[in-house]
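Close look at the chain arrangement
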Amino acid sequence: EYYYENKFFNPWTFSAEQYPGKTLEQVQNKVKQRGEQFIIALQKQQSSFTFISIWIASFIAQEKKYTPLEKTRHVLLISFIEGMLNKKISTVTIADGDEYAYWNKTPSQFLESKNFLKNTLLQLMHSQKAIQQIKNIEIAQPVFYDGLMGVAPSFDKGLKNAAKWKWLNENIKYALASSDQYVWFYSQRINWWKGNINDTLLGILKENKLAIANSNLKPVIHNNMSFSNKVGYNNINSNKGYYHNITGSEKNETAFTFEWNSALKKLSIHFNNTLPLLTYIYLNNKLKTQLSPTSSDTTINVPTFTKGNLIIINKYKSNTESSAIYVLK
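Position labels on residues start from 1 in each chain and follow its written sequence. Owing to the predicted nature of the model, reporting of local features is limited to residues with pLDDT of at least 70; listing and counting of side-chain atom pairs is limited to 80 or more, with chain, interface and lining totals taken over all residues. Here the side-chain values reflect all heavy atoms present in the structure, with hydrogen atoms and water set aside.

This next bit is on a nonpolar patch on the surface. Each patch is built from salt-bridge-free residues with over 30% relative accessible area, joining like charges within 9 Å and nonpolar side chains (Val, Leu, Ile, Met, Phe, Trp, Tyr) within 5 Å. Residue-level accessible areas treat just the shown protein chains as cover; the underlying method is Shrake-Rupley with a 1.4 Å probe. For salt bridges, the criterion is a side-chain nitrogen of Lys or Arg within 4 Å of an Asp or Glu carboxyl oxygen. Taken together, Y4, F8 and F9 make up a surface patch of nonpolar side chains, about 370 Å² in accessible area. A 1.4 Å probe rolled over the protein chains alone gives each residue an accessible area, and that area as a share of the maximum for its type sets the label: buried under 20%, exposed over 50%, partly exposed in between. With relative accessibility at 48%, the residue F8 sits in the partly exposed group.

Structure representation (structure tokens):
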């Protein structure tokens, strides 16, 4: 990230004033060389590590929709990453932090952003080595506490306190479920070092990590935890899926129930009220099945599911969603 108002000092932008007498291609080639040197230097010190950038493609993917590529603020960052990919060894992982997911409001946004970012990189890379390496780039999903909780006026969306906690809880849940390896939690106004941390936040983090990352058991909601009846609902290994509504009523209506038959490798879904337009089944963050249900009872064959995360997402005509997570360790 950079915050210079004078573009001359911005490391990832290109202009004739910054690089007089040089073409964009010439500068890109030099920046690729710097990316190669950077990753080689790191690999001399450590042969196995994960390098996470808070964003590699998420910012430029949005900006290039309305700005010529050479005028975007990260045109040279892509070149730097391409250099890294060209010289990266197989035991080193590069991850995109997907910072635009700060403001995700639905489960599908976490899952769909993964393909969106990788496809963006495929469009922007030039060397065959880098293009081949795109499939190995991981997505490290973010959670932005200050933004979701509206702790500053510029972040406040006018939500009630209960809705803010629900939004935070759901984003933590789906960030964990959809991340390839890491979730990064960003805050500016939590004093972690003094230990003065909200019990509700700690409860949400612990329960979701227990349910998704560490165990195939249902999360244990302790009666004395302040968040248990305020923040959300348990759609992790509960065989229930709920309508996803972070800004509306606190009532959580069951949209569907489901059963996983491990012997037959079949997923049976019963829709309680409205049939969705589309149902998506994700296995370990990859879309495996997409269908349009025609009855309230639907059976789906999922022969490749042996362990990991199975995520069910339903999209409705009203632009709402319902979802559930099943974790099998």
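Now that the structure has been shown, we can carry on.
Phi at N284 is positive, roughly 50 degrees, even though this residue is not glycine. Tracing the chain through its elements places N284 in the loop between β9 (278–283) and β10 (286–291). Phi at N285 takes a positive value of approximately 75 degrees, unusual for a residue other than glycine. Segments assigned H or I by DSSP are reported as helices when at least four residues long, segments assigned E as strands when at least two residues long, and all are numbered from the N terminus. Counting through the fold element by element, N285 comes out in the loop between β9 and β10. Judged by its relative accessible area of 12%, N285 falls in the buried class.

Looking now at the packing of aromatic side chains. Any two aromatic rings considered together are summarised by their centre-to-centre distance and by the angle between their planes. Aromatic contacts are taken between Phe, Tyr and Trp rings whose centres are within 6.5 Å, Trp giving its six-membered ring; a plane angle under 30 degrees counts as stacked, one over 60 as edge-to-face, and the others as tilted. Considering all chains together, one arrives at 24 aromatic pairs under this definition. Ring geometry for Y145 against F185: centres 6.2 Å apart, planes inclined by 35 degrees, an arrangement best described as tilted. Highlighted residues: Y145 in helix α6 (residues 145–149) and F185 in strand β5 (residues 183–186), separated in sequence by 40 residues. Residue class for F185 comes out partly exposed when judged on its relative accessible area of 25%.

Spatial ordering of the open sheet is given by β1-β2-β3, a layout of three strands whose pairing is parallel. With partners counted over all chains shown, the strands left at the sheet margins are β1 (49–53) and β3 (138–139), one partner each. Think of it this way: DSSP has to see at least two bridges between two strands before they count as a pair. Judged from the five bridges that link them, β1 and strand β2 (residues 92–96) form a sheet pairing that is parallel. Among the inter-strand pairings, I52 is bridged to a residue of β2, identified as A95.

Right, let's get into the sheet that holds strand β12 (residues 308–315). Taken in spatial order, the eight strands of this open sheet run β10-β9-β12-β13-β6-β7-β8-β11, and their pairing is antiparallel. One side of each edge strand has no neighbouring strand; the edge strands of this open sheet are β10 and β11 (297–301). Taking the axes of each pair of neighbouring strands and ignoring which way they run, one obtains an average angle of 20 degrees across the sheet. Where β9 and β12 come together, six bridges link them in antiparallel fashion. Interaxial angle, 0 to 180 degrees, is taken between N-to-C directions of lines fitted to C-alpha atoms, where a helix line uses only the stretch in contact.

Compared with an ideal rise of 1.5 Å per residue, which puts 18 residues at 26 Å, helix α4 (residues 107–124) spans 27 Å between its outermost C-alpha atoms and is within 8% of the ideal. Think of it this way: the bend at a residue is just the angle between two axes, each fitted to seven residues, one set ending at that residue and the other starting at it. At S113, α4 shows its maximal bend, which comes to roughly 30 degrees. Along α4, the residues classified as buried are P107, S108, F110, L111, S113, K114, L117, K118, T120, L121 and L124. Given the number of residues in a helix, its expected span is that number minus one, multiplied by 1.5 Å.

Tallied over the entire structure, the rule returns seven salt bridges. Across the pair K32 and E82 runs a salt bridge, and its minimum N-O distance is 3.8 Å. Highlighted residues: K32 in helix α1 (residues 24–45) and E82 in helix α3 (residues 75–87), separated in sequence by 50 residues. E82 carries the same exposure label as K32, and that label is buried. Across the salt bridge formed by E63 and R73, the nearest N and O atoms sit 3.1 Å from each other. Of this pair, E63 sits in helix α2 (residues 58–63) while R73 sits in the loop between α2 and α3; the two residues are 10 residues apart in sequence, bridging distant segments of the chain. Residue R73 is classed as partly exposed on the basis of its relative accessible area of 37%.

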